[in-house]
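An overview of the molecular structure
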Amino acid sequence: ERLGYEVTEFHLGDFGTLPLCDGVADVVVSNCALNLCNEKRRALEEVARVLKGGGRFIASDVFVERRLPKHIRKDTGLWNQCVAGALTPNEYLRLVQDAGLVGATVILESIWREVEGVRVYTGIMKKQKQNGPASKDSNNVAIYKGPFAAVSDEMGHEFPRGTPVEVSSETM
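Residues numbered from 1 in each chain as written. Predicted model: local features only at pLDDT ≥ 70, side-chain atom pairs only at ≥ 80, totals over all residues. Heavy atoms only, no water.

For the rest of this paragraph, the subject is the environment of leucine 101. Secondary-structure assignment places leucine 101 in strand 3 (residues 101-115). Through-space distance from the C-alpha of leucine 101 to that of phenylalanine 57 is 8.4 Å; in sequence the pair is 44 residues apart. (Helix = DSSP H or I, 4+ residues; strand = E, 2+ residues; numbered from the N terminus.)

Following the sequence through the fold, glycine 146 ends up in the loop between strand 5 (136-143) and strand 6 (150-152). The spacing of glycine 146 and arginine 161 is 15 residues in sequence and 5.6 Å in space, taken between C-alpha atoms.

Our next topic: the nonpolar core. Formed by 22 residues in total, the largest nonpolar core has its most connected members in Phe15, Val47, Phe57 and Tyr92. Those elements giving two or more residues to this core turn out to be strand 1 (25-31), helix 1 (40-50), strand 2 (51-64) and helix 4 (89-98). Per-element tally for this core: the top contributor is helix 1, with five residues. With residues up to four places along the chain from it excluded, the contact list for phenylalanine 57 reads Phe15, Val28, Ser30, Leu44, Val47, Leu51, Leu101, Met125, Lys126 and Lys127. (Core = buried A, V, L, I, M, F, W, Y, C linked by side-chain atoms within 4.5 Å. Buried < 20%, exposed > 50% of the residue type's maximum accessible area, 1.4 Å probe, protein only. Contact = heavy atoms within 4.5 Å.)

Okay, the layout of surface pockets next. Roughly 770 Å³ of volume is contained in the largest pocket. Around the largest pocket, the lining is made up of 20 residues, and of these Glu9, Phe10, His11, Leu20 and Val27 lie nearest the centre. At six residues, the largest contribution of residues to the lining of the largest pocket is made by strand 1. Looking at the lining of the largest pocket residue by residue, the class counts come to 12 nonpolar, four polar and four charged. (1 Å grid on protein atoms, 1.4 Å probe; cavity = no way out; pocket = protein on both sides within 12 Å on 5 of 7 lines; lining within 4 Å. Points joined across faces, edges and corners; volume = space filled by probe spheres on them. Nonpolar A, V, L, I, M, F, W, Y, C, P; charged D, E, K, R; others polar.)

Turning to the pattern of salt bridges, a few remarks are in order. Taken as a whole and judged by the stated rule, the model has eight salt bridges. The salt bridge partner of arginine 41 is aspartate 98, with a shortest N-O separation of 3.1 Å. Taken together, the positions of arginine 41 in helix 1 and aspartate 98 in helix 4 put the pair 57 residues apart, joining distant regions of the chain. On the accessibility criterion, arginine 41 (42% relative accessible area) is partly exposed. (Salt bridge = Lys/Arg side-chain N within 4 Å of Asp/Glu carboxyl O.)

All right, on to the packing of aromatic side chains then. With the rule as written, the count across this model stands at two aromatic pairs. With 6.5 Å between their ring centres and 75° between their planes, phenylalanine 15 and phenylalanine 57 make a pair best called edge-to-face. A residue pair is termed long-range when its members are at least 10 positions apart, and phenylalanine 15 in the segment before strand 1 and phenylalanine 57 in strand 2 qualify at 42 residues. Each of the two residues, phenylalanine 15 as well as phenylalanine 57, counts as buried. Measuring from centroid to centroid gives 5.1 Å for phenylalanine 63 and tyrosine 92, while their planes differ by 45°, and the two rings are tilted. Placement of phenylalanine 63 in strand 2 and of tyrosine 92 in helix 4 is noted, with a sequence separation of 29 residues between them. (Phe/Tyr/Trp six-rings, centres within 6.5 Å; stacked < 30°, edge-to-face > 60°.)

In the case of a regular strand, side chains alternate between the two sheet surfaces. For strand 1 and strand 2, the ladder comprises six bridges, and the chain directions are parallel. Bridging from a neighbouring strand, alanine 25 pairs with leucine 51 of strand 2. With helix 1 bridging strand 1 and its parallel neighbour strand 2, the resulting β-α-β unit is right-handed. (Pairing = 2+ DSSP bridges. Right-handed = clockwise from strand over helix to strand, strands pointing away.)

The subject of this paragraph is unusual backbone geometry. Positive phi is not limited to glycine here, since cysteine 32 has a value of about 55°. You can see cysteine 32 is positioned in the loop between strand 1 and helix 1. For cysteine 32, a relative accessible area of 26% corresponds to the partly exposed category.

Here it is as structure tokens:
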């Protein structure tokens, strides 16, 4: 409001029961919160519920290189330090996919600390809610110009260099 924008709203709520109606959010941002949730699956289902089709969920969080031993996951001091609830990138991605968010990527930024030989990283997770089954629209074509021979997107679509590929309007 101080900057004169009326397109952003901030809502305070519990991750497991977001105070929003279904399909109203363009973007949900989380700053180091999912690792503190006991019910991560429920929290991600809530994010998927409130996002519009094609909406994005972006989270900064901490990740671990391998699953934490049970005694660390139960340590309240390490919960308070955002460690005990941290997931591996693959565990996080599986939960995200199960919640209906697609196109997820994890970018590990740096080693934050080490706990009993397990590296804890800071990172960013980007996810998108799919609009539904992608339908091709003959009016939309993408041409990848390089430098690689081909690339693929998060949804598995292949784009060979210099080759027109028919894409859905959601991809555009």
